[in-house]
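# Commentary on secondary and tertiary structure
Given next are the chains, with one letter for each unit.
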Amino acid sequence: PPLRYDATALPNKAAVEFAVFPGSIADNKRVVDLPLSRGTLIVLVARDGDNIVPDGSTVLRSGDVVQLLSNLTFIKDAHQLFQSQEPAKGQTKAD
């Protein structure tokens, strides 16, 4: 039978989506240059109405939405790559 992808059926794995924020670690970086944990894969990038199956040379941009397949233990680490690195208004990076 053909292989059927169902992330919910994979033990200890999850498919999640994150937006790429301006100034994030992932913004303007090639997939190959991201410090992704072993067992984390960027499956799809949504950009300007298109769905892109990325390879290592794909450059992520702010506004992209990425779908990841990852071990549950690495999702929080992966999420931090896509969040803004700028402190919230009224806070400093040391907060």
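Up top is the structure.
The paragraphs below set out a description of the structure included in this document. (Residues numbered from 1 in each chain as written. Predicted model: local features only at pLDDT ≥ 70, side-chain atom pairs only at ≥ 80, totals over all residues. Heavy atoms only, no water.)

### A short note on the pairing of strand β1 (residues 13-19)
Going by this rule: Note on exposure labels: buried denotes an accessible area under 20% of the residue type's maximum, exposed denotes more than 50%, and partly exposed covers the range between, all computed with a 1.4 Å probe on protein chains only. Secondary structure follows DSSP: runs of H or I at least 4 residues long count as helices, runs of E at least 2 residues long count as strands, and numbering of each begins at the N terminus. Strand pairing requires that DSSP identify at least two bridges connecting the strands.
Residue alternation in β1 divides its side chains into a buried set, Ala14, Val16 and Phe18, and an unburied set, Lys13, Ala15, Glu17 and Ala19. Relative to strand β6 (residues 65-71), β1 runs antiparallel, the two being bridged by seven bridges. Directly across from Ala14, in β6, lies its bridge partner Ser70.

### Concerning the packing of aromatic side chains
Let me state the cut-off plainly: Note on aromatic pairs: the rings of Phe, Tyr and Trp (six-membered ring only in Trp) are paired at centre separations within 6.5 Å, and the planes decide the class, stacked below 30 degrees, edge-to-face beyond 60, tilted for the rest.
Under the defined criterion, the tally for this structure stands at one aromatic pair. Centre to centre, the rings of Phe18 and Phe82 are 5.8 Å apart; their planes meet at 20°, and the pair counts as stacked. Of this pair, Phe18 sits in strand β1 while Phe82 sits in helix α1 (residues 75-82); the two residues are 64 residues apart in sequence, bridging distant segments of the chain.

### A word on the pattern of salt bridges
For clarity, the threshold we go by: One side-chain nitrogen of Lys or Arg within 4 Å of one carboxyl oxygen of Asp or Glu is enough to make a salt bridge.
This model, assessed by the stated rule, comprises two salt bridges. Linking Arg30 and Asp33 is a salt bridge whose minimum nitrogen-to-oxygen distance equals 2.9 Å. Residues Arg47 and Asp64 are paired through a salt bridge, measuring 2.7 Å at the closest nitrogen-oxygen approach. Of this pair, Arg47 sits in strand β3 (residues 41-47) while Asp64 sits in the loop between β5 (59-60) and β6, and the two are 17 residues apart along the sequence. Here Arg47 matches Asp64 in class, with each residue buried.

### Focus: the sheet that holds β1
Here is the rule: Simply put, an axis is a line fit to the C-alpha atoms, just over the touching stretch for a helix, and the angle between two N-to-C directions goes from 0 to 180 degrees. Residue contacts follow a heavy-atom distance rule, with two residues in contact if any of their heavy atoms lie within 4.5 Å.
Taken together, the four strands give an open sheet; going across it, the order is β1-β6-β3-β4, and neighbouring strands pair in antiparallel fashion. Pairing within the sheet leaves two strands with one partner each, and these edge strands are β1 and β4 (50-52). Neighbour-to-neighbour, the strand axes of this sheet turn through a mean angle of 20°, independent of strand direction. Bridge count between β3 and β6: five bridges; the pairing is antiparallel. Bridging from a neighbouring strand, Ala46 pairs with Val65 of β6. Its contacts with the sheet put α1 on β1 and β6, and the angle it makes with β1 is roughly 15°.

### What about the environment of Pro54?
Residue placement: Pro54 occurs in the loop between β4 and β5. The buried category is assigned to Pro54, whose relative accessible area is 16%. C-alpha separation for the pair Pro54 and Val66, spaced twelve residues apart in sequence, amounts to 9.6 Å. Once residues within four sequence positions are removed from consideration, Pro54 is found in contact with Val31, Ile42, Val43, Leu44 and Val45.

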